[in-house]
Amino acid sequence: MTSEPSEDSTSSSSHPSFSVTNPKKTIKHCCRKIVTFMCTQVGVGGLIVGYAVMGAFGFPLLENGYQNPRNEGVLIYTNITLERLWNITQKYNVLENELWNSEVLQLLIEFQGNVTKSVKDGYTGGDNSESEWTFPATLMFCLSIFTMIGYGNMVPRTVGGKVATIVYAVFGIPLYILYFKNMGKVLAQTFRWTYTWIYRCSMEDSHPKTSKDPPRKRVIVPSTACLWVLFAYVAIGTTMFSSWQNWSVMDSAYFCVTSLCKIGIGDFAPDHILVPTSGGTPTRLIFTFVYLLFGMGIIAMCFDLMKEDVTVKVRNLRNDIVLFFEDIQSRAVDFYKRRNSFDYD
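Since the model is a prediction, treat every value here as computed from it, not as a measurement.

A. Quick look at the overall build of the protein chain. On a plain count of helices and strands, the protein chain comes out with 10 helices and 0 strands. Helices (α) and strands (β) of the protein chain occur, in sequence order from the N terminus, as α-α-α-α-α-α-α-α-α-α. Taken over 345 residues, the protein chain has a buried fraction of 29%. Summarising the internal contacts of the protein chain: among those between residues at least 6 apart in sequence, 74% fall at separations of at least 24. Accessible surface, the protein chain as shown: approximately 23,400 Å² in total, 65% of it carbon and sulfur.

Written as structure tokens, this is what we have:
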């Protein structure tokens, strides 16, 4: 009498075996992949842009509710001054011109002093209903934080905004340094490949390659080429900002250099309050953001290429110095041998 196979054994033999994956391992593996991608050149570039966009959405939530008391104070000063001017005009007729001029001049000097004091205490112009924390302006503010430019034309007023700025800078500056290094490597490799291709094409046109030619050596990009790239990039920015901001050519070049070098003096800064009378547009501020962020990658590229050029030149100089002293040493030995042979003779 044969026994029939059990139902459990039948089901286990009919279905292929499978391994149950651990959810924790799956999540850990996905996180590792995400971190690895974020450390690549593309990932770091997207991360720095995403970090700036996150700040551009976050800071207005903290700062838009701020009511500057100095704005209301200056409005009161203005109304009082206008009222007093009208009273002075009614008090003195046209025949008492000197008294009218004296009273008005004293009143305007007093008004100027009150407004100056308010500006020093934080008056920014406009009224409380007009917010300067638009998306493009805040995007530029975030750029000035993590790139350490610090124009100073926009500042947080609330306690939450100041705390958020500290935290934003603590995490944003290391992220920018990572972007600076990676972007410099990518652009340096691209520019080196382009320069090498142009250089070899020009050499092959003038000297056709034969089978007896030695193997090609690595082409070093000269420092002068990097300086020309920087000059061209600053010239593009100078033309752009001179047209957009109504600055002189000198002021535009001064702004480009101080911004790209992360000096950020703050005497020149792009329009951040985008109202109809200012002439600024959101597109221009976004282009300014892209220009400065990409320009710092250009500077990192030039640092990388110029470092290689300087390293090769220093190595060649060291070899020349070694050969020079070896030549002097050999000449001195030969002279000493000839002198000893003359003495023996």
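B. Representation of helix H9 (residues 249–260) in the model. The end-to-end C-alpha separation of H9 is 17 Å, in line with the 16 Å expected for 12 residues at 1.5 Å each. All of the buried residues in H9 are Ser252, Phe255, Cys256, Thr258, Ser259 and Leu260. At the C-terminal side of H9, Lys262 shows a positive phi close to 60 degrees.

C. Region of interest: the nonpolar core. Among the nonpolar cores identified, the biggest contains 49 residues, and Phe146, Tyr168 and Tyr291 are the most heavily contacted of them. Those elements that place two or more of their residues in this core are helix H3 (41–63), helix H6 (135–146), helix H7 (159–206), helix H8 (223–244), H9 and helix H10 (282–344). In terms of residue count, H10 provides more of this core than any other element does, 11 residues in total. Residues in contact with Tyr168, not counting those within four places in the same chain, are Tyr51, Ala52, Met54, Gly55, Phe59, Cys142, Ile145 and Phe146.

D. How the structure looks around the packing of H8 against H9. Direction vectors running N to C along H8 and H9 enclose 125 degrees, while the axes themselves pass 8 Å from each other. What the angle tells us is that H8 and H9 run oblique. As H8 runs across H9, the sense of the crossing is right-handed. From H8, Tyr233, Val234, Gly237, Thr238, Phe241 and Ser242 reach across to H9, where they touch Val249, Ser252, Ala253, Phe255, Cys256, Val257 and Leu260. In terms of residue class, the contact of H8 with H9 is built from 9 nonpolar, 4 polar and no charged.

E. Summary view of the environment of Ala235. The topology assignment puts Ala235 in helix H8. Under the relative-accessibility criterion, Ala235 is labelled partly exposed at 32%.

F. Spatial organisation of the pattern of salt bridges. Scanning the entire structure with this criterion turns up 4 salt bridges. Here Arg192 makes a salt bridge to Asp304, at a shortest N to O gap of 3.5 Å. In this pair, Arg192 sits in helix H7 while Asp304 sits in helix H10, placing the two residues 112 residues apart along the sequence. A relative accessible area of 14% means that Arg192 is categorised as buried. A salt bridge links Asp327 to Arg331; the nearest nitrogen and oxygen atoms lie 2.9 Å apart. In this pair, Asp327 and Arg331 both sit in helix H10, 4 residues apart, roughly one turn of the helix. The class for Asp327 is partly exposed, based on a relative accessible area of 35%. Connected through shared salt-bridge partners, Arg192, Asp304 and Glu308 make up one network.

G. The packing of aromatic side chains, seen in detail. Per the stated rule, a full pass over the model turns up 25 aromatic pairs. Ring plane angle 45 degrees and centroid distance 6.4 Å describe the contact between Phe146 and Tyr168, whose orientation is recorded as tilted. Placement of Phe146 in helix H6 and of Tyr168 in helix H7 is noted, with a sequence separation of 22 residues between them. Take Phe146 and Tyr168: they sit in the same class, and that class is buried. Between Tyr254 and Phe268, the aromatic rings sit 5.8 Å apart at their centres with planes inclined by 80 degrees, giving edge-to-face as the arrangement. Within this pair, whereas Tyr254 is found in helix H9, its partner Phe268 is found in the loop between H9 and H10, the two being separated by 14 residues in sequence.

What counts, and where the lines are drawn
- Starting afresh in each chain, residues are numbered from 1 along the sequence in its written order.
- In keeping with the predicted nature of the model, local features appear solely for residues at pLDDT of at least 70, side-chain atom pairs appear and are counted solely at 80 or more, and the whole-chain, interface and lining totals rest on all residues.
- As a convention, hydrogens and water are excluded, and side-chain values are obtained from all of the structure's heavy atoms.
- A run of H or I in DSSP counts as a helix once it spans at least four residues, and a run of E counts as a strand once it spans at least two, with each numbered from the N terminus.
- Exposure classes here rest on a 1.4 Å probe applied to the protein chains alone. A residue is buried below 20% of its type maximum, exposed above 50%, and partly exposed in between.
- Residues count as neighbours in contact if any of their non-hydrogen atoms are within 4.5 Å of one another.
- Surface accessibility in these figures is a Shrake-Rupley result with a 1.4 Å probe; residues are shielded only by whichever protein chains are displayed.
- How far a helix is expected to stretch is found by multiplying one less than its residue total by 1.5 Å.
- Among buried residues, those of type Ala, Val, Leu, Ile, Met, Phe, Trp, Tyr and Cys that are joined through side-chain atoms within 4.5 Å constitute a nonpolar core.
- Inter-axis angles, ranging from 0 to 180 degrees, are taken between N-to-C directions of lines fitted to C-alpha atoms, where helices are fitted over the stretch in contact.
- Put simply, angles under 35 degrees are roughly parallel, angles over 145 are roughly antiparallel, angles from 65 to 115 are roughly perpendicular, and the rest are oblique.
- If you view the pair so one helix is near and one far, a crossing is left-handed when the near helix is turned anticlockwise from the far one by less than a right angle, and right-handed when it is turned clockwise.
- Amino acids are sorted into nonpolar (Ala, Val, Leu, Ile, Met, Phe, Trp, Tyr, Cys and Pro), charged (Asp, Glu, Lys and Arg) and polar (every other residue, Gly among them).
- Salt bridges, as used here, are contacts in which a Lys or Arg side-chain nitrogen is within 4 Å of a carboxyl oxygen on Asp or Glu.
- Ring geometry is summarised as follows: Phe, Tyr and Trp rings, the Trp one being its six-membered ring, pair when their centres sit within 6.5 Å, and such pairs are stacked at plane angles under 30 degrees, edge-to-face over 60 and tilted between the two.

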